[in-house]
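Summary of the model geometry
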Amino acid sequence: MNTINDQVRRHPFFAGFPEELFQGLRLCANHVTYADGETIYRQGDHAEVFFLVQTGRIALELQAGHQGTVIIQTISAGQMLGWSWLFAPFRRQFDARAVTAVTALALQAECLRHQCDLNHHLGHELYRRFSNAVVASLQAARLQLLDLYGREPFSAHRGARRR
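As the structure is a computational prediction, the values presented were derived from the model and not from experiment.

Across its full length, the chain holds four helices and 10 strands. Listing the helices and strands of the chain from first to last along the sequence gives α-α-β-β-β-β-β-β-β-β-α-α-β-β. Sorting the 163 residues of the chain into buried and exposed places 41% on the buried side. Put simply, 74% of the contacts in the chain that link residues at least 6 apart link residues at least 24 apart.

So, on to the pattern of salt bridges. Inspection of every chain in the model, using the stated rule, returns five salt bridges. Put simply, Glu125 and Arg129 hold a salt bridge, and the shortest N to O gap is 3.0 Å. Linking Glu125 with Arg129, this pair stays in helix α4 (residues 120-149), spanning four residues, or about one helical turn. The exposure class of Glu125 is buried, given its relative accessible area of 10%. Several salt bridges share partner residues, and in doing so they unite Glu125, Arg128 and Arg129 into one network.

Mapped onto the elements, Asn2 comes out in the segment before α1 (4-10). In contact with Asn2, other than residues within four places in its own chain, are Gln7 and Arg10.

Glancing now at the side chain of His11. In this structure, His11 sits in the loop between α1 and α2 (22-26). Within polar-contact distance, the side chain of His11 engages the backbone oxygen of Val53 at 3.1 Å. Residues within four places of His11 in sequence aside, it is in contact with Leu52, Val53, Gly78, Gln79 and Met80.

Further remarks concern the confidence of the model for the chain. As a note on interpretation, predicted positions should not be read in detail where pLDDT is low. For the chain, mean pLDDT is 85; residues scoring 70 or higher make up 89% of the total. Confidence over residues 153-158 falls short of pLDDT 50; this stretch has six contacts with residues more than four positions distant or in other chains.

Defined simply, a disulfide is a covalent bond joining two cysteines at their sulfur atoms. Taken as a whole and assessed by the stated rule, the structure comprises one disulfide. Here Cys28 engages in a disulfide with Cys111; their sulfurs sit 2.0 Å apart. Taking the torsion about the sulfur-sulfur bond, which here is approximately -70 degrees, the covalent link between Cys28 and Cys111 counts as left-handed. Pair noted here: Cys28 is in the loop between α2 and β1 (29-34) and Cys111 is in helix α3 (residues 109-118), with a separation of 83 residues, a long-range link. Using a relative accessible area of 2% as the deciding quantity, one classes Cys28 as buried. Residue Cys111 is classed as partly exposed on the basis of its relative accessible area of 22%. Cysteine Cys116 shares no disulfide, and the gap to the nearest cysteine sulfur, in Cys28, comes to 8.4 Å. On the accessibility criterion, Cys116 (10% relative accessible area) is buried.

Criteria and cut-off values
Residues numbered from 1 in each chain as written. Predicted model: local features only at pLDDT ≥ 70, side-chain atom pairs only at ≥ 80, totals over all residues. Heavy atoms only, no water. Helix = DSSP H or I, 4+ residues; strand = E, 2+ residues; numbered from the N terminus. Buried < 20%, exposed > 50% of the residue type's maximum accessible area, 1.4 Å probe, protein only. Contact = heavy atoms within 4.5 Å. Salt bridge = Lys/Arg side-chain N within 4 Å of Asp/Glu carboxyl O. Polar contact = N/O pair within 3.5 Å; in protein donor to acceptor, adjacent residues only side chain to side chain. pLDDT = per-residue confidence, 0-100. Disulfide = S-S within 2.5 Å.

In structure tokens, the structure reads:
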């Protein structure tokens, strides 16, 4: 049988996750789908879920003023999307948009936070995994910013480009 619990267990984000900790997770998961081009969430939205992407691709986007929308990172099948649910004030940092049709497991934030309060081992394991995801996301954003702004030197002191 291919239950939600089985799908959570098999997702790469939970590789090596202690078996006894899955009990709390299964209570918090459900299936979601998004059409090609559909907005999943916007910057500033309350972070109510995180996603285990099963199929498709999602773009994390930043509105960059005169530069328009900049794709910071692309999330694909087998990856996780959304770590803001874990860190107060629980607000999204970027926009997320389905680049292709997406199927995912959505894990409800309030339920997960409650399960972490009940089982500190679960909380520790989730924080450890999400910390790695945050670092990867920050690295991707840093590389994207270098690509955007690293082409021409800029003098912060005078606000003018060097010649």
